[in-house]
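So the chains spell out like this:
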Amino acid sequence: MAVEAPASHSAPLLRLDGVTLAYGPKVIQKNISMDVRRGSVFAVMGGSGCGKSTVLRSMIGLLRPAAGHYRLEGVDYWAANDARRTMMAQRFGVLFQSSALWSSMTVGENVALPMQMNTRLDATSIRAQVELKLGLVGMLQAIDQYPSELSGGMKKRAGLARALALDPDILFFDEPSAGLDPITSARLDELILNLRDGLGATIIIVSHELPSLFTIADDGIYLDNVTRTPIAHGSPRYLRDHCDDPQVRAFMQRLPSNTA
Amino acid sequence: MDAATEGSPHWQLETAGGQNRLTLSGDWTAQRGSLPRFPADGLRAARPAAPLVFDTAPLGRWNSALVTFLWEVRQAAADAGIAFDGANLPSSANKLLGLLPPARVTQKPRRRGWFNPLAALGSWTLDSLTEVGVLTELTATTTWNGARAVLGRSRMRPVDLLANIRDAGPDSLLIVSIVNFLLGAILAFVGAVQLEKFAAGVYVADLVGIAMVREMAAVMTAIIMAGRTGGAYAARIATMLGNEEIDALTVTGIPVSSYLILPSVLALVITMPLLYLYGCLVSMVGGCVVAVAMLHVTLAGYVTQTLGAVPFSQFIFGFIKAIVFAVFIGLISCRIGLKAGRSAADVGIAATRAVVVGVVGVIAIDSLFAVIANAIGI
């Protein structure tokens, strides 16, 4: 393992340095370099099929980059040993696109399981924590329901409660508003911002829902579908109003584009 | 709680000077043992007129454990009619408290009622009757669709049938060969020990031939197929059910019976009789190997003896049994898959149930056949 610079609070929390992602010979995105500041809401943007979710998969440790470095507080994630990597991954809370709730458990058991497996708290304390996490997302009434009994929006919120189970300081959201109506989606955005402030967490969000991106994200990266590489950096609002690249501006302004 | 322990979470309510002051100290980040709870009557000593304020100067690091505690404090304050003044709390903790509903759930976890034998018997009877009805209907529609397929008017896709046949036939040849060969050899061993005593070693061929052709080859092949193919059918259909694929088929106007069940059942009906014949042959080879090696029976002698011992009618009997087993395994495993729940665990339950019901059912049907054969004198 290479000698790393000591972590300091001014350094970015997460840093991707020339990362190339590929499934076998098929390159998804190449040469991604980006910094995620502590406490920011960072958006990974781009059209359908550009590899947004793949970038997220690599950041939560499910896909090893074909090239480049991924650093968490200066520590190279993929150069670290397994124990170190597990400790780093415990700082991540992930809301998957399809919520990925464990279907044979109730919502309460879904939230309890990470705590049962990763802490030594007793059953009453875990129950109290489960109630807190479900209360935060407004799902307390569904604690004894099974995922199959929930609507799409409720599943998202239950998945969010599970993502919060271990008090993570880095939250990943994969298309949080996909399949939700605009009002539910706006409520979820508000909830995400409140949780960011309340938990002091850093949020990385993968989405192409422009209204919600403009509301919540303060930094971001735009991945291009054709050249398979990032072509713009900045907050969604900045990209919409000031980006040099006409294609990015068109995308952010929701205009039809010949390349989109 | 021991205040002397450095760093551990601690709280204290002071009511001196006409105010209610809750002091929070230590690190509220426990990862083991129990988290501090605020008792429901914790504000009994508090002064009702004054608001509840906080002193967080000695508070160290904290996580959601503190928020859980504050939530309980807020409820206790609301119950006691005391105003909750969180101005001194960390602003992020206040933000989280703002998201929380006023009261925690008071509902108890779902509790099961007492076991009632009469109710259990009643629901079991109703379930069984329903199951008989559903299976009959499934059999009828599948047969109807099968007849239409023969007449060339069905919408079953040949590619599905061929894929199912490949899976149920050639792909299971190896395991059918191994089991039947060893079974033939085992029967020959057992028979050899007994028949040697009467110098009737050559009758091992009769023993192996009749036992395998009449009973064992059909039953063993059916058990293998129930475990291998029946389990796979049930798991596949249960997974499709969970993914709403079955719903999509129904809505698109594609009958599940002709798209999924018919090719599955038909594939088994086509392959199992052939596998049965193949199993008979392989088991006789197994018996022959043992007989030639142990009993000094010649190869020609074994073959001649076998040909004389097993009449053609026995093959027809076994053949019919194999077809009945095929229909049973195909229908029952598809039915169990369609009846499964929609969770991941339900897929496993469906696969297990398909294998268990398949194996037990095959043996039960076989005993039924034995009774019938005895009655009509085959």
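This one's a predicted model, so the numbers in the text were calculated from it and none came from an experiment. (Residues numbered from 1 in each chain as written. Chains lettered and ligands numbered in written order. Predicted model: local features only at pLDDT ≥ 70, side-chain atom pairs only at ≥ 80, totals over all residues.)

### Focus on the overall build of chain B
Inference 1: A tally of helices and strands in chain B yields 11 helices and 5 strands.
Inference 2: Per-residue burial over chain B gives 35% buried out of 378 residues. (Helix = DSSP H or I, 4+ residues; strand = E, 2+ residues; numbered from the N terminus. Buried ≥ 20, exposed ≤ 12 C-beta atoms within 10 Å, placed from the backbone.)

### Brief notes about the packing of helix 10 (residues 312-339) of chain B against helix 11 (residues 344-376) of chain B
Residues and elements named next belong to chain B.
Inference 1: Between helix 10 and helix 11, the least distance of the axes is 9 Å, while the angle of their chain directions is 150°. Relative to helix 11, the element helix 10 lies roughly antiparallel. For the element pair helix 10 and helix 11, the recorded crossing hand is right-handed. Where helix 10 approaches helix 11, its residues Phe317, Lys321, Val324, Phe325, Phe328, Ile329, Ile332, Ser333, Ile336 and Gly337 are matched on the opposing element by Ala350, Arg353, Ala354, Val357, Gly358, Gly361, Val362, Ile365, Asp366, Phe369 and Ala373.
Inference 2: When grouped by side-chain class, the residues that make up the contact of helix 10 with helix 11 number 14 nonpolar, 4 polar and 3 charged. (Axes fitted to C-alpha atoms, helices over the stretch in contact; angles between N-to-C directions. Parallel < 35°, antiparallel > 145°, perpendicular 65-115°, else oblique. Left-handed = near helix turned anticlockwise from the far one by under 90°. Contact = placed C-beta atoms within 7 Å. Nonpolar A, V, L, I, M, F, W, Y, C, P; charged D, E, K, R; others polar.)

### Comments concerning unusual backbone geometry
Inference 1: The backbone of Asp167 of chain A sits at a positive phi, close to 50°, despite the residue not being glycine.
Inference 2: With respect to the helices, strands and loops of the structure, Asp167 of chain A is situated in the loop between helix 5 (152-163) and strand 8 (170-174).
Inference 3: Positive phi values are uncommon outside glycine, yet His296 of chain B reaches one of about 60°.
Inference 4: In this structure, His296 of chain B sits in the loop between helix 8 (256-295) and helix 9 (299-309).

### Some thoughts on the pairing of strand 9 (residues 202-206) of chain A
All names here are of chain A.
Inference 1: Summarising burial for strand 9: 5 of the 5 residues are buried, a large majority.
Inference 2: Covered by surrounding structure in strand 9 are Thr202, Ile204 and Val206 together with Ile203 and Ile205, the residues of both alternating faces.
Inference 3: Across 4 bridges, the pairing between strand 3 (residues 41-45) and strand 9 is parallel. The residue of strand 9 that forms the bridge with Phe42 is Ile204.
Inference 4: In the sheet, strand 8 pairs with strand 9 via 5 bridges, with the strands oriented parallel. Bridged to Leu171 within strand 9 is Ile203.
Inference 5: For the handedness criterion, the β-α-β arrangement of strand 8, helix 6 (residues 182-199) and strand 9 is classed as right-handed. (Pairing = 2+ DSSP bridges. Right-handed = clockwise from strand over helix to strand, strands pointing away.)

### Re the confidence of the model for chain A
Inference 1: Across chain A, the average pLDDT comes to 86, with 94% of residues at 70 or higher.
Inference 2: This model gives residues 1-9 of chain A a pLDDT under 50, and the stretch forms 13 contacts once residues within four places in sequence are excluded. (pLDDT = per-residue confidence, 0-100.)

### Observations regarding the nonpolar core
Inference 1: Ranked by size, the top nonpolar core spans 98 residues in total, and within it Val44, Leu134, Met139, Ala161, Ile203 and Ile205 of chain A carry the most contacts.
Inference 2: Here the element with the most residues in this core is helix 1 (residues 64-80) of chain B; it accounts for 9 residues.
Inference 3: Beyond its immediate stretch of four places on either side in the chain, Ile205 of chain A contacts Val41, Phe42, Ala43, Phe173, Pro176 and Ala217 of chain A.
Inference 4: Core analysis: the second largest hydrophobic core is formed by 67 residues, Met156, Val176, Tyr302 and Phe328 of chain B among them. (Core = buried A, V, L, I, M, F, W, Y, C linked by C-beta atoms within 7 Å.)

### Thoughts on the sheet that holds strand 10 (residues 219-223) of chain A
Residues and elements named next belong to chain A.
Inference 1: The 6 strands lie next to each other as 6-8-9-3-10-11, forming an open sheet whose pairing is mixed. Whereas interior strands pair on both sides, the edge strands pair on one side only; in this sheet they are strand 6 (92-95) and strand 11 (230-233). Sheet twist, expressed as the mean angle between neighbouring strand axes with direction ignored, is 15°.
Inference 2: Sheet topology places strand 10 next to strand 11; 3 bridges connect them, and they run antiparallel. The partner of Leu223 across the bridge, within strand 11, is Pro230.

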